[in-house]
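Each chain is listed here by its residues.
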Amino acid sequence: MTDIKERLDRMEEVIRKPSFRQNSGRANEVNYWIFDYPPDRELEVRRRINYMQARNARGGEGFDLAVFDLYDITIDFLEKNHFLEDCYRFEKKKGLERIAKAVNNSMKINDDDSYIVRYIKDHTPENAVVFLTGVGKCFPVLRSHKVLNNLHQLFVRVPVVMFFPGIYNEQELVLFGEIKDDNYYRAFKLT
C-alpha cells in the first residue's frame, strides 16, 4: 500500500491543477471526491489539511481552499440553538441513537437543503475547492453519506473532497474499516 504521505502529496498536486477545478469530474460526473485513509493516520491528515489551508490563505494558488469540519458545524449549530446541554441530558435518558435522530431532525439532515448544505453553500467562495473533514468525529450522530448525498443534489459549482477515515472503493464507504454503508455514491476516489 502506498504511504499516506505520498498519497497526500499526490492529492495536493491534483487539486492544484486548473482542470480539477472545472465544473465536472470524470466523464462529466459531478466533481465529488473521497480521500480515504487509515483511521490511525487521522492526525497526519489533519496536519496536512491545516498546512494546505495556511499556505492557501497566503494567496497565489488561483483558488480558495474552503475547509469545513462537519463536527464543528454540528456543535456550532447545537450551541447556537441552545441544544447542546439538552443533548447531554437526553442522551443519559434515551441513549445515543435517539440523540442522533434528534440532531438529524433539528438540522434537517435528510432534506436536500439541510443546515449543513446551506452552511457550506453560504460559506464557499466562487473559485474554491471544498474539503469536508471531521467525518469520524461526528459518528454516529452525523453520517457522512447523508451529507454527501444531499450536498451532491444542490452544490455542484466547485469540487468537493471528503476526507474519510476508512475505506472507499467507489461503491461503498466503510467507516473506520468496520462500519459499512450500503449506499451507492457518485464520488470518485482521490489518489
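Structural data are supplied above this passage.
Everything quoted here is computed from the prediction, not taken from an experiment.

S.K.: Looking at this structure, how should I read the environment of Glu97?
M.R.: Looking at where Glu97 falls in the secondary structure, it is placed in helix H5 (residues 96-106). Note: C-alpha distance between Glu97 and Pro140 (43 residues apart in sequence) is 7.9 Å.

S.K.: Got a minute to help me understand the pattern of salt bridges in this structure?
M.R.: Tallying each qualifying case throughout the model produces twelve salt bridges. The partner of Glu12 in a salt bridge is Arg48, with the nearest N and O atoms 2.7 Å apart. Of this pair, Glu12 sits in helix H1 (residues 4-16) while Arg48 sits in helix H2 (residues 42-57); the two residues are 36 residues apart in sequence, bridging distant segments of the chain. With relative accessibility at 13%, the residue Arg48 sits in the buried group. With a shortest N-O distance of 2.9 Å, Glu61 and Arg55 are connected by a salt bridge. A single network of salt bridges, built from pairs that share partners, joins Lys5, Asp9, Glu12, Arg16, Arg48, Arg55 and Glu61.

S.K.: Hey, could you run me through a positive patch on the surface in this one?
M.R.: A surface patch of like charges, here positive, comprises Lys93, Lys94, Arg98 and Lys101. With respect to the element layout, Lys94 can be found in helix H4 (residues 84-94). In this structure Lys94 comes out as partly exposed when scored by relative accessible area, which is 46%.

S.K.: Explain unusual backbone geometry here, please?
M.R.: Trans peptide bonds make up most of the peptide bonds, and negative phi angles are found at most residues other than glycine. In this model, Phe139 is joined to Pro140 through a cis peptide bond whose omega is 0 degrees. At Lys108, a residue that is not glycine, the phi angle is positive and equals roughly 55 degrees. Note that Lys108 resides in the loop between H5 and helix H6 (115-122). A relative accessible area of 46% means that Lys108 is categorised as partly exposed.

S.K.: Explain H5 here, please?
M.R.: Think of an α-helix as 3.6 residues a turn; residues three or four steps apart then line up on the same face. Along H5, the residues classified as buried are Ile99, Ala100, Val103 and Asn104. Taken around the axis of H5, the buried residues stretch over an arc of 130 degrees, which confines them to a single face. In H5, the exposed positions angled more than 90 degrees off the buried face are occupied by Glu97 and Lys101. Count one or two residues on from H5 and you reach Lys108, which has phi positive near 55 degrees.

Cut-offs used in this document
Residues numbered from 1 in each chain as written. Predicted model: local features only at pLDDT ≥ 70, side-chain atom pairs only at ≥ 80, totals over all residues. Heavy atoms only, no water. Helix = DSSP H or I, 4+ residues; strand = E, 2+ residues; numbered from the N terminus. Salt bridge = Lys/Arg side-chain N within 4 Å of Asp/Glu carboxyl O. Buried < 20%, exposed > 50% of the residue type's maximum accessible area, 1.4 Å probe, protein only. Patch = residues over 30% accessible without salt bridge, like charges linked within 9 Å, V, L, I, M, F, W, Y side chains within 5 Å. Areas by Shrake-Rupley, 256 points an atom, 1.4 Å probe, with all protein chains shown as cover. Lys, Arg positive; Asp, Glu negative; His and termini not counted. Charge placed at Lys NZ, Arg CZ, Asp CG, Glu CD. Arc of directions from axis to C-beta.

What is shown is where atoms sit, not what they do.
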